[in-house]
Amino acid sequence: MLREFTCIICPNGCEIEADIEDGKLLSIEGATCPRGEAYVRQELTDPQRNIATSVLVKNGVLPLASVRLTSPVPKERIFDVMAEVRKVTVEAPVQAGTVVIKGILGYDSDVIVTKTVTRK
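A few points on the structure. (Residues numbered from 1 in each chain as written. Predicted model: local features only at pLDDT ≥ 70, side-chain atom pairs only at ≥ 80, totals over all residues. Heavy atoms only, no water.)

**Here we look at a negative patch on the surface**
Stated precisely, the cut-off is as follows: Think of a patch as exposed residues, more than 30% relative accessible area, with no salt bridge, where like charges cluster within 9 Å and nonpolar side chains (Val, Leu, Ile, Met, Phe, Trp, Tyr) cluster within 5 Å. Note on areas: these come from Shrake-Rupley sampling with a 1.4 Å probe, and a residue is covered only by the protein chains present in the view. The salt bridge criterion pairs a side-chain nitrogen of Lys or Arg with a carboxyl oxygen of Asp or Glu, the two atoms within 4 Å. His residues and chain termini do not enter the charge count, which takes Lys and Arg as positive and Asp and Glu as negative. Working definition for charges: the position is that of NZ of Lys, CZ of Arg, CG of Asp or CD of Glu. Labels follow the DSSP assignment, with helices taken as runs of H or I lasting at least four residues and strands as runs of E lasting at least two, numbered in each case from the N terminus. The buried label applies to any residue whose accessible area, calculated with a 1.4 Å probe on protein chains only, is under 20% of its type's maximum; exposed applies above 50%, and partly exposed to all values in between.
Together, Glu4, Glu15, Glu17 and Glu29 line one region of the surface with negative charge. If you trace the backbone, Glu15 turns up in strand β2 (residues 15–21). According to the relative accessible area criterion, Glu15 is exposed, its value standing at 55%.

**Some details on the nonpolar core**
Where a protein is soluble and globular, its nonpolar side chains tend to be buried together. Convention followed: We call a set of buried Ala, Val, Leu, Ile, Met, Phe, Trp, Tyr and Cys residues a nonpolar core when their side-chain atoms join them within 4.5 Å.
Formed by 19 residues in total, the largest nonpolar core has its most connected members in Val55, Ala65, Leu69, Val81, Val85, Ile104 and Val111. Of all the secondary structure elements, the ones that give two or more residues to this core are β5 (52–58), β6 (64–69), α2 (78–86) and β10 (111–113). The next biggest cluster of nonpolar side chains, apart from the first, holds nine residues, and it includes Phe5, Ile16, Ala18 and Val40.

**Considering the sheet that holds β10**
Rules: Here, a strand pair is defined by DSSP locating no fewer than two bridges between the strands. Axes here mean lines fitted to C-alpha atoms, for a helix over just the part in contact, with angles spanning 0 to 180 degrees between N-to-C directions.
If you trace the five strands from one edge of the open sheet to the other, you get β8-β5-β6-β10-β9, paired in mixed fashion. Only two strands of the sheet have a single partner each, and these edge strands are β8 (89–91) and β9 (99–101). Mean inter-strand twist for the sheet, computed between neighbouring axes without regard to direction, equals 40 degrees. By the bridge criterion, three bridges tie β6 to β10 in an arrangement that is antiparallel. Bridging from a neighbouring strand, Leu69 pairs with Val111 of β10.

**Focus on the pairing of strand β3 (residues 24–29)**
Alignment of β2 against β3, held across five bridges, turns out to be antiparallel. Considered in β3, the bridge of Glu21 is made with Lys24. As consecutive antiparallel partners, β2 and β3 are separated by two residues, and within that stretch Asp22 has a phi angle of approximately 55 degrees, a positive value.

**Examining the side chain of Ser109**
Keep this limit in mind: A contact between two residues is defined here by any heavy atoms of the two lying within 4.5 Å.
Position of Ser109 among the secondary structure elements: in the loop between β9 and β10. Using a relative accessible area of 1% as the deciding quantity, one classes Ser109 as buried. For Ser109, the contacting residues outside a window of four places in its chain are Leu69, Thr70, Ser71, Val73, Lys102, Gly103 and Ile104.

**Thoughts on the pattern of salt bridges**
For the coordinates displayed, the defined rule picks out six salt bridges. Between Asp80 and Arg77 there is a salt bridge, and its shortest N-O distance comes to 2.7 Å. Of the charged contacts, one joins Glu84 and Lys87 as a salt bridge, the two residues approaching to 2.8 Å between their closest N and O atoms.

**Quick notes on unusual backbone geometry**
For the peptide bond that leads from Ala92 to Pro93, omega is 0 degrees, which places it in the cis range. With respect to the helices and strands, Pro93 occurs in the loop between β8 and β9. The phi dihedral of Asp22 falls on the positive side, at around 55 degrees, and the residue is not glycine. Judged by relative accessible area, Asp22 falls into the exposed class, the value being 75%. Non-glycine residue Leu105 carries a positive phi angle of around 55 degrees. Summarising the element assignment, Leu105 is placed in the loop between β9 and β10. What makes Leu105 partly exposed here is its relative accessible area of 32%.

Keep in mind these values describe shape, not function.
This is the structure we're talking about:
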């Protein structure tokens, strides 16, 4: 069976067509780098996603600070992760690299600040 994937690993966004039979990858076309094939293989066995979003900042020069995960989490847990992130409010100043949630949902992934926000 042919399945189509849009690779999300790099900015190329390759349109990949994969021939899959009984859960096994038989052939792949359209990947312009080796990461495309690795992406399709992972999508078939254990889809993972990384998240970039923001958290509220009290008393900051900006109302939000951007955050991201330090490593991907299972795709089916994205909404659970976002629910936890939405609960977070930080007090300015907050530095890029600050961990705001350690080991989110028990995974080996932290939520870290990616933009420093100073106090107003």
